[in-house]
Amino acid sequence: MSRLKYYFEWFFYFLVFSLVAIIQATFISALPPVYFAINLPLTFLLFSLLIFKRESTLILAIIVGFWLDLLSFNFFGLNILIFLVTILLIDFLLNNWLTNRSLYSFLVLSALSVLIYNILLYSILAATYSGQNNFSFFLFESRFWGQLAWQMIWITGFMLLFFNLANSLSKRLKPFFLEKK
Amino acid sequence: MAYYSKKNKNWLWALAFIFIMLLHFTKILAPIENLAISAINPLASFFYGSGSRIRNSYEENQKQKEIFSRSAELEKEVARLTVENAKFKELEQDNLKLRTQLSFLSTTKYKNVLANVISQNLVFDIKEGDQDIVIDRGSKDGIKEDLGVINENGVIIGKITETRDHLSKVCLTTNRNCKFAATIYNQDRTMGITEGDLGLTVKMNFIPQLEKINLGDTVITSGLGGNIARGLVIGKVSQVNNRSNEIWQDVNIEPLFNLSTLTIVTVLTP
């Protein structure tokens, strides 16, 4: 019975994360510029990293990346690779430097995840398109930094919302503060 | 020890990634991918349509002020066009009669494939002025590269640049890499190549200075671009840039479609 529940749970997560990827590729891509910066898959993967084990999040990253790769015309595997590497790096930071699991750590982690994700994505795309005559390097593009700033604002906003919501439901993510005695 | 086991697990993820790539490039995953794409197409076009409507209303709000100031000007234009339209209707009637007499079965020999737009660029355009959309029809529906794509008004919006079994990528006329053989409908029937300009307008360069081009002249496809029919409207001339000390002149063309209202398009197949 518990095995069945386990499979059912995974089927549910598969559906949710597939829907998240489809919404990102279709709905969010059609929105005006500021809302276009919402990175729903990365936000959900971060939530998942805070709640589940690293291995589970990596499987969900493959699911999300697979759908995005299917729906985009960049080379297949680009999104899977970027989500896997981003999650591995964020997990490393979470376990080695930002270990106190306070709200502030999570907010810093969210901003860092956006930075890692975008640097990885555009570095690979830059390497792919570098042969084209109208290519301009992304780090010198004001639009890249503008988009990055909006993505950080959205993801930290979502994280703030999620953290407070999770805190009201469970004590697992309760924020704490170091007090001087 | 824990470090080593974790490191080994990282290698397992790398192997899993390579395994998925292998399955994809050896086409073993192809049936699953095609099934997945076919299954989500209705959902994808629904989501894209919803997003597109939001974008449209957002843009309309932005343009509202501009619209008010232009409305008076447009009213005059409407009056003038109504008179012109009446003349064209007469001509259309004549044309229809002549076509019937000449036993024309159809005005075009091109077939159509109707498609839903399901996505735009997933990342901001790393290549300046690059604008693409993804449609839910692919090579299995008879679509191939370089076919023209029109909107519901018959205005050409772009051409197919890449196809998969059930998806195709369309570069828009405003895309810098999207080039069309075109003719300006002026006295000289000026011919040239159009290309997108910063993802906003269309440009036609290297036009000899002697050619006379007027603002508002219609630009159409010339039919010399292979699979794209002649006579499809690209846009109207909005600016003529000619300096007396230069050999060439160029024109800016205003496209006659709005990206945010594009949800259904037609691919013209031979």
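Data block above holds the structure.
None of these values were measured; they are calculated from a predicted model.

S.K.: Would you mind going over the overall build of chain A in detail, with residue names and values included?
M.R.: Broken down by element type, chain A carries 7 helices and 0 strands. Reading the helices (α) and strands (β) of chain A from amino to carboxyl end gives α-α-α-α-α-α-α. In chain A, which comprises 181 residues, the proportion classed as buried is 36%. At a minimum sequence separation of 6, the contacts of chain A that also span at least 24 residues come to 60%.

S.K.: How would you sum up the environment of B:Gly231? Please name residues and give values.
M.R.: Residues and elements named next belong to chain B. Here Gly231 is to be found in the loop between β9 (218-221) and β10 (233-241). Using a count of 14 C-beta atoms within 10 Å as the deciding quantity, one classes Gly231 as partly exposed. With residues near it in sequence (within four places) discarded, Gly231 still touches Ile220 and Thr221.

S.K.: So, the interface of chain A and chain B: which residues are in play, and what are the values?
M.R.: If you look at the interface, chain A gives 34 residues, while chain B gives 34 residues. When residues of the side of chain A that touches chain B are traced back to their parent elements, those giving at least two are α1 (2-27), α4 (54-71), α5 (78-96), α6 (103-129) and α7 (142-169) of chain A.

S.K.: Describe the sheet that holds strand β5 (residues 168-172) of chain B, and please don't skip the residues or the numbers.
M.R.: What the 6 strands build is a closed barrel, ordered β1-β2-β5-β4-β3-β12 (chain B); its pairing is antiparallel. With direction set aside, neighbouring strand axes in the sheet form an average angle of 45 degrees.

S.K.: So what about α5(A)? Which residues, and what values?
M.R.: When the terminal C-alpha atoms of α5(A) are compared, their 27 Å separation across 19 residues agrees well with the 27 Å that a helix rising 1.5 Å per residue should span. Those residues of α5(A) not exposed but buried are A:Leu78, A:Asn79, A:Ile80, A:Leu81, A:Ile82, A:Phe83, A:Leu84, A:Thr86, A:Ile87 and A:Ile90.

S.K.: Can you tell me about the pairing of strand β6 (residues 179-184) of chain B, naming the residues and giving the values?
M.R.: All names here are of chain B. Two elements, β6 and strand β7 (residues 191-197), share 5 bridges in a ladder whose sense is antiparallel. Bridging across to β7, Ala182 finds its partner in Gly192. Strand direction decides the pairing type here: β6 and β9, joined by 3 bridges, are antiparallel. Of the residues in β9, the one forming a bridge with Ile184 is Val219.

S.K.: Account for the sheet that holds strand β8 (residues 201-208) of chain B, with residues named and values stated.
M.R.: Residues and elements named next belong to chain B. With antiparallel pairing, the 6 strands of this closed barrel are ordered in space as β6-β7-β8-β11-β10-β9. On average, each strand axis in the sheet is inclined to that of its neighbour by 45 degrees, with strand direction left out of account. Where β7 and β8 come together, 4 bridges link them in antiparallel fashion. Directly across from Thr194, in β8, lies its bridge partner Met204.

S.K.: Any chance you could break down helix α3 (residues 40-51) of chain A for me, citing the residues and the numbers?
M.R.: Residue and element names in this part refer to chain A. Taking 1.5 Å of rise per residue, 12 residues should cover 16 Å, and α3 covers 17 Å from first to last C-alpha, within 8% of that figure. Along α3, the residues that are buried comprise Pro41, Leu42, Thr43, Phe44, Leu45, Leu46, Ser48 and Leu49. Of the surrounding secondary structure, the elements contacted by the buried residues of α3 are α1, α4, α5, α6 and α7.

S.K.: Explain unusual backbone geometry to me, using residue names and the numbers behind them.
M.R.: Residues and elements named next belong to chain B. A positive phi is found at Asp146, a non-glycine position, where the angle reads about 75 degrees. Mapped onto the fold, Asp146 is located in the loop between β2 (132-135) and β3 (148-150). A positive phi angle is found at Phe206, which is not glycine, with a value near 55 degrees. Within the secondary structure layout, Phe206 lies in strand β8.

S.K.: Lay out the pairing of strand β12 (residues 264-269) of chain B with the relevant residues and their values.
M.R.: Residue and element names in this part refer to chain B. Relative to β12, strand β1 (residues 111-120) runs antiparallel, the two being bridged by 6 bridges. When the sheet's bridge partners are listed, Val113 is paired in β12 with Val267. Of the strand pairs in this sheet, β3 and β12 are connected by 2 bridges, and their pairing is antiparallel. Paired with Ile150 across the strands is Thr266, a residue of β12.

S.K.: Describe the nonpolar core, naming the residues involved and giving the relevant values.
M.R.: Counting residues in hydrophobic clusters, the biggest one holds 90 residues, and the most contacted among them are A:Leu45, A:Ala61, A:Val64 and A:Trp67. Ignoring anything within four residues of it in the chain, the contact list for A:Ala61 reads A:Leu45, A:Phe83, A:Leu84 and A:Ile87.

S.K.: Which residues make up the environment of B:Thr269, and what values do they have?
M.R.: Residue and element names in this part refer to chain B. Topologically, Thr269 is positioned in strand β12. Judged by C-beta crowding, with 17 C-beta atoms within 10 Å, Thr269 ranks as partly exposed. Counting along the chain gives 40 residues from Thr269 to Ala229, while the straight-line C-alpha distance between them is 9.8 Å.

S.K.: Talk me through the packing of α5(A) against α6(A); I want residue IDs and the actual numbers.
M.R.: All names here are of chain A. Their axes nearest at 9 Å, the elements α5 and α6 cross at an angle of 145 degrees. α6 is crossed by α5, and the crossing has right-handed handedness. Residues Leu78, Ile82, Val85, Thr86, Leu89, Ile90, Leu93 and Leu94 of α5 form the contact with α6, whose own contacting residues are Leu109, Leu112, Ser113, Ile116, Tyr117, Leu120, Leu121 and Ile124. Of the residues that constitute the contact of α5 with α6, the class distribution is 14 nonpolar, 2 polar and no charged.

The rules behind each value
Residues numbered from 1 in each chain as written. Chains lettered and ligands numbered in written order. Predicted model: local features only at pLDDT ≥ 70, side-chain atom pairs only at ≥ 80, totals over all residues. Helix = DSSP H or I, 4+ residues; strand = E, 2+ residues; numbered from the N terminus. Buried ≥ 20, exposed ≤ 12 C-beta atoms within 10 Å, placed from the backbone. Contact = placed C-beta atoms within 7 Å. Pairing = 2+ DSSP bridges. Axes fitted to C-alpha atoms, helices over the stretch in contact; angles between N-to-C directions. Expected span 1.5 Å × (residues − 1). Core = buried A, V, L, I, M, F, W, Y, C linked by C-beta atoms within 7 Å. Left-handed = near helix turned anticlockwise from the far one by under 90°. Nonpolar A, V, L, I, M, F, W, Y, C, P; charged D, E, K, R; others polar.

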